[in-house]
Amino acid sequence: MRVTELRFAQNIGSHFKALWLIQGKKRVSDTGAAAILRAKGVPVVHPQEVLSPAYDRPFEKVDLLPRLEPVKELEEKQTLCHVFTNKFSPVMGVSQVQLITNSVVRSGLPETVLERAVENTAEEDEKVKEAILHAYLLDSKQIKLTRVLDVINRPGWIYKREYGIPVARRHKTLTYQLLLLLDHLVPGAAERQLVEDTITTANFNHSDRLIQTKHRAAFILSSPNPLPQLLDNEEVKSLEEETMPDIYPLSPFINCRAIGNYSLEDSYGVGSGHLHPHTIFIHHNQSRMPHSEEHFNGMTLLYAFSHAAAYAKQIAKIENGNLEKPVVVQVVHMHKQHFHMGVFQLNTLNLTGLSKNIFWTQPWEPLFGKCCFQAAKPVLEGYNPKVFSLLKGLHAQC
Amino acid sequence: MVSVMAVGSLCRGLGALTLRSGGPSLTTISFTKHSFQQDGQYTVKPLKTTKLGGRDPETGRIIVGTLGGGAKRNYRWIDWFRYGPKDGTFLEERVIKILYDPNRSARIALVAHGDNLSCRSMMPSSLIYSMRLWSLGVLSRFGPPDCGLHSISDLQSQLPKPLVLAAAVCPVMLGAKPFYFCSNPTWVVVLLVRPKEGDAYPVGALPTSTIVNCLEIKPGDGARFIKAAGTGGIIMRRIGKKVVVQLPTKREVALDPECMATVGRVSNVDHGKKHVGSAQRRRWLGRRPASGLWQRKTGYNGRKIRPLPPIKSYGVRPEELPVMRFTIGSEGPSRRIIPSTDRVT
């Protein structure tokens, strides 16, 4: 017996059905039966009179849901605005952002932070390593990761699509685990509140231009009391003599094209005015870092400024000019194992005036060198304890 | 006949790909479609492309049989326009980065000035330009083997640390007599500039024997000639009001003195020496296998020496006279003589 007879057997039914339809169309010839029956006194009725309607078919009328109105696009305004989002990369690094935010940069974190950045105990280090392994390897989340291409070294090569933990989830897990550890170590830290996935928007005038910062933060750690002022008013006054960097022939707004459709509303990521910003955690969630360290550090300064300024605008209701009481914000910016930390003191919202803001920072620190499975075992190499000790220093500020 | 038709449709295909949108215009000779930003503005982001596999973008028919496949090359929109202010000052641009471009043999430069970020085709050895996107630069300093510059990374290490490398664009001084033009009917250059590699000047301001690249053939039209890796043209002489430039093919063209040119050779000088290496690599580059029947001619076939073509003069064409019609339509044939379809039967 041929195999094809079996393989095509399922099609036979279809042929019969088709034939049924075709044969169903017939011309009914008059056989004279009706006339004979009528002659004998038998009533002849058309079958449709008996058969239809066969039964009542109830219909239920259901109203469709009202159509969703399309999201209104913002109107094009005549005055253009430079909108700095998380996608903005300062071409000239920190110098460019200094000119945008009117800030002075100090290399090295403030002494109050460094004093409290004590060395880790062996137990703390072990717990941090556990947190890293938890975030990077031992998470049960498995999704299809982004495509990897290496056009220059392996053109045309399609790498195997990997499944694993997405970068954003790794960052969030790691940050959350480290914050749990820090809350245990720092007394009184449990009173702070953690707000997740915030959007902060603030608008400013920069000479004759309009600028807006619109930044997402993974976490904002809010404390019941504001952070203490790091520079007193006299020292802030002395900043006026500091020179700003020169990025001639570039404008500070390079790589951020002014757009016309924007909204002028200010909003701080945390709704209540009682939640004073303590530390802002920004995650750089791209699978591949397209920026250099200099660009990355510049972004950190901009994030710190935007959150401090939006908070100041909400609290002090100030639009422009110097603040009566400076706002201090700490920022932790991370991409994979790189941590960049900084402390920012906002003294003024006048971005072109003499008085200046100040930012303490230091080069980024890798938390570890390598964290992957080797021979089916989770391996963590090159752990750097300095990162956690600095985080302790930041967390202990109050 | 077949080949003539193929060339005709090829030209139509290329014409369809001449892109002009917003401010800077660009002409591409590539068999890909580029998707531009919705606002049509210039961008330094690589543009998404659709590969056509040798097909005509309009008719969909195969016009080049040996194209297809290969790694996708997103298009880098190069800003070919280098103009400065006309008040005697210079426009300085800072080189941000030297980049690789899969669509051309030369390297390109990310340059910036003011609010603008642009890509320039990469220019003379160390100098590349402004932060709109990239330009074809020239890397003549790669030339001598003992100069220590053999790669882009070498070049980048040579850049001044604050990254202040810029191309200055010299203005065309039409109004100022002592500078550039003279009212004398014969062409006299009163002041020639001292050319610096990477800077752009009008060809009329450059001394003879200067090596140039990214050459315009019409003032304000953008660079058209001498863009390939390692190439450079030479400013030969002046004839009347025109400047004669020798192209890399030794052909000479007479140009308007206001045409802009960049000083130096185009970068990636060793490009021509690199071997494709394998048949598979040709596939990565998007070329399909040929029949193998074609053979390169050898010395047995004799030496071909032909005189150079006469100097071609570019410039503003005289305005053409309008076409007038001296007949009326009813005089023509009563029905269409060209069938509306290609069908023969």
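Residues numbered from 1 in each chain as written. Chains lettered and ligands numbered in written order. Predicted model: local features only at pLDDT ≥ 70, side-chain atom pairs only at ≥ 80, totals over all residues.

### Notes on the overall build of chain B
Then comes step 1: Helix and strand content of chain B: three helices and 19 strands.
Then comes step 2: Looking at chain B as a whole, 34% of its 345 residues qualify as buried.
Then comes step 3: Taking all contacts inside chain B whose residues are at least 6 apart in sequence as the whole, residues at least 24 apart take part in 58%. (Helix = DSSP H or I, 4+ residues; strand = E, 2+ residues; numbered from the N terminus. Buried ≥ 20, exposed ≤ 12 C-beta atoms within 10 Å, placed from the backbone. Contact = placed C-beta atoms within 7 Å.)

### Quick notes on the environment of methionine 289 of chain A
Then comes step 1: Its location among the elements puts methionine 289 of chain A in the loop between strand S7 (276–283) and helix H10 (293–316).
Then comes step 2: When the C-alpha positions of methionine 289 of chain A and histidine 134 of chain A are compared, they lie 22 Å apart, and in sequence the two are 155 residues distant.

### Focus: unusual backbone geometry
Trans is the prevailing form of peptide bonds, just as negative phi is the prevailing case for residues other than glycine.
All names here are of chain A.
Then comes step 1: Backbone torsion omega between tyrosine 248 and proline 249 reads 5°, so that peptide bond is classified as cis.
Then comes step 2: Following the sequence through the fold, proline 249 ends up in the loop between helix H9 (233–238) and S7.
Then comes step 3: A positive phi angle, near 70°, is found at asparagine 255, a position not held by glycine.
Then comes step 4: Here asparagine 255 is to be found in the loop between H9 and S7.
Then comes step 5: According to the C-beta neighbour criterion, asparagine 255 is buried, with 23 such atoms within 10 Å.

### Quick word on the UniProt feature "domain: Large ribosomal subunit protein uL2 C-terminal" (unreviewed entry) in chain B
Then comes step 1: The residues that UniProt annotates with the feature "domain: Large ribosomal subunit protein uL2 C-terminal" (unreviewed entry) are residues 195–317 of chain B.
Then comes step 2: Here residues 195–317 of chain B is 5% helix and 27% strand, with 30 Å between the C-alpha atoms at its ends. (UniProt positions renumbered as here; feature names shortened; annotations may be inferred.)

### Quick notes on the pairing of strand S17 (residues 252–255) of chain B
Residues and elements named next belong to chain B.
Then comes step 1: In terms of strand pairing, strand S16 (residues 242–246) meets S17 through four bridges, oriented antiparallel. Looking at S17, one finds that glutamine 246 is bridged to glutamate 252.
Then comes step 2: Count of turn residues in the S16/S17 antiparallel hairpin: five residues, of which lysine 250 carries a positive phi of about 75°.
Then comes step 3: When S17 meets strand S19 (residues 312–313), the two strands line up parallel, connected through two bridges. Pairing of alanine 254 across the sheet is with serine 313, part of S19. (Pairing = 2+ DSSP bridges.)

### A few points about the pairing of strand S15 (residues 233–239) of chain B
Two faces, one strand: in a regular strand the side chains alternate between the faces of the sheet.
Residues and elements named next belong to chain B.
Then comes step 1: Across two bridges, the pairing between strand S12 (residues 211–213) and S15 is antiparallel. Looking across to S15, one finds that isoleucine 211 is bridged to isoleucine 234.
Then comes step 2: Both S15 and S16 contribute to a ladder of five bridges, which runs antiparallel. Among the inter-strand pairings, isoleucine 235 is bridged to a residue of S16, identified as valine 245.
Then comes step 3: Counted along the chain from S15 to the antiparallel partner S16, the turn is two residues long, and its residue glycine 240 has a positive phi close to 60°.

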